[in-house]
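Coordinate analysis (summary)
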Amino acid sequence: MQEKDKFLRKINFILLLLLIFVSQKLVANNTNTELLDYNNKLNNSSALFIQTDGSTIEEGVVYIGFNRIKLEYKKPKEITIVISEKKSMYVNHELKETQYFDTNKSIVKVFLTILTGQSFYEKSELDVSDDQISINTNLEINEIHYKTKIIYENDPIVLKKIIILENEENIEIGLFNHNNLDALKKDFFSLINPYLN
């Protein structure tokens, strides 16, 4: 009888471990799906942001459209960055200067990937708590390795912070005051130099 009890306890313990493992896997898969759904719903939305690299602070508004993002920096300088899948534009309004660059060879690709709902969670570490979801992943763009951490508020899911670490340089962007907008017109995200005559 004692052998049978020991055997049943072992079986119960193994079943309990299996149940915990399977339920954690299901929660992670469900969270991934919820995050992708949330990111896809960011189309036609905006948020205020504060960006820092540890020595400077910049403020502005980010607008998210279908496969395009527009960052309007308000402080300390007025700068606009428009990001599309292949090409991006940097406009310094003070100097009335516009520059173009390849999105896929720049750190802005990370933001495009996150904010336009593209999937990059498959190879990420996911940490879910009652109040936040944290995603840690490593990305390589143009042979440069970036460690990223994306933090969402949990229940309801809201994107709160993006942290990107390259070598010893750290960029943190805090997002707040999220708004859904009526459909933004495509020309709102135009890559045409605003200072052409």
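These notes cover the structure that comes with them. This is a predicted model, so every value here is computed, not measured. (Residues numbered from 1 in each chain as written. Predicted model: local features only at pLDDT ≥ 70, side-chain atom pairs only at ≥ 80, totals over all residues. Heavy atoms only, no water.)

**Quick notes on empty space enclosed by the protein**
What counts here: A cavity here means a set of 1 Å grid points, computed over protein atoms only, where a 1.4 Å probe fits but cannot escape. A pocket is an open set with protein on both sides within 12 Å along at least 5 of 7 lines, and lining residues have an atom within 4 Å of a point. Grid points are joined across faces, edges and corners, and a volume is the space filled by probe spheres set on the points. The numbering of helices and of strands both runs from the N terminus, where a helix is a DSSP run of H or I of at least 4 residues and a strand a run of E of at least 2. Side-chain classes follow a simple rule in which Ala, Val, Leu, Ile, Met, Phe, Trp, Tyr, Cys and Pro form the nonpolar group, Asp, Glu, Lys and Arg form the charged group, and the remainder, Gly included, forms the polar group.
Applying the stated criterion to the full structure yields two cavities of 30 Å³ or more. When its volume is computed, the largest cavity comes out at roughly 70 Å³. In terms of lining, the largest cavity is formed by Phe49, Gln51, Val62, Ile69, Leu71, Ile83, Phe111, Leu115, Ile162, Ile173 and Leu175. Elements supplying a minimum of two residues to the lining of the largest cavity: strand 1 (45-52), strand 3 (68-75), helix 2 (108-115) and strand 11 (169-180). Taken together, the residues of the lining of the largest cavity break down into 10 nonpolar, one polar and no charged. The space that makes up the second largest cavity amounts to roughly 50 Å³. In terms of lining residues, the second largest cavity is bounded by Leu42, Ser45, Ser46, Ala47, Val62, Ile64, Leu115, Leu159, Leu175 and His178. Put simply, the parts of the chain that give the lining of the second largest cavity at least two residues each are strand 1, strand 2 (57-65) and strand 11.

**Describing the nonpolar core**
Defined as follows: Residues enter a nonpolar core if they are buried and are Ala, Val, Leu, Ile, Met, Phe, Trp, Tyr or Cys, with the set joined through side-chain atoms within 4.5 Å. Three labels apply to residues, based on accessible area from a 1.4 Å probe with only protein chains included: buried if under 20% of the type maximum, exposed if over 50%, partly exposed otherwise in between. Residues count as neighbours in contact if any of their non-hydrogen atoms are within 4.5 Å of one another.
Val62, Leu71, Leu115, Tyr152, Leu159 and Leu175 are the most contacted members of the largest nonpolar core, which totals 33 residues. Sorting elements by how many residues they give to this core places helix 2 first, with six residues. Residues in contact with Leu71, not counting those within four places in the same chain, are Phe49, Val61, Val62, Ile79, Thr80, Ile81 and Ile83. In this structure, Val82, Met89, Val91 and Phe189 belong to the second largest nonpolar core, which totals seven residues.

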